[in-house]
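Coordinates in review
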Amino acid sequence: MSHLIAILLVAAQLSFAATATCGDTPHRGSLKIELVDNNILLVRGVCLSTLAGQQLQYSFTAKKSGSAGTATSSQSGYFISRQGEALELCKTRLNSQQGDLFRFSLKIYDQNGEIFVVEEKFEVL
């Protein structure tokens, strides 16, 4: 399935969003991946909460491997949740070429130490 997603991204220049659910947590994360220009991927990590005013922490990691080598980019920080409002937590732009494999991970930690994880991988064909 991830190969199909990569084909759609490259061939049709569509955007893609990955969302995961984890138990009864009031905080949901998603990764929005979009091909911009010819070979640039724009990746955004977003959190949507049903509770306002909670201090949360996030960490985002992007890993790329391909013929040009490997690269890893990480971001982390704190934010205050807003009820019903999607907050953009992180954003990165990555060069891509045919054969590159990308792995993205967004983790959101609540005040109780519970974690919400979204992971996605795909290959540029």
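Residues numbered from 1 in each chain as written. Predicted model: local features only at pLDDT ≥ 70, side-chain atom pairs only at ≥ 80, totals over all residues. Heavy atoms only, no water.

Considerations on the environment of Gln83
With respect to the helices and strands, the residue Gln83 is situated in the loop between β5 (69-80) and β6 (86-95). Here Gln83 falls in the exposed class, since its relative accessible area comes to 57%. Spatially, the C-alpha atoms of Gln83 and Ser49 are 5.3 Å apart, while their sequence positions differ by 34 residues. Those residues in contact with Gln83, other than ones at most four positions away along the chain, are Ser49, Thr50, Leu51 and Ala52. (Helix = DSSP H or I, 4+ residues; strand = E, 2+ residues; numbered from the N terminus. Buried < 20%, exposed > 50% of the residue type's maximum accessible area, 1.4 Å probe, protein only. Contact = heavy atoms within 4.5 Å.)

So, the sheet that holds strand β7 (residues 101-109)
Reading across from one edge, β5-β4-β7-β8 is the order of the 4 strands in this open sheet, with antiparallel pairing throughout. Edge strands, defined here as strands with exactly one partner in the open sheet, are β5 and β8 (115-123). Shown here is a sheet whose adjacent strand axes are inclined to one another by a mean of 10°, direction ignored. Where β7 lies against β8, 9 bridges are found, and the strand directions are antiparallel. Considered in β8, the bridge of Leu106 is made with Val118. (Pairing = 2+ DSSP bridges. Axes fitted to C-alpha atoms, helices over the stretch in contact; angles between N-to-C directions.)

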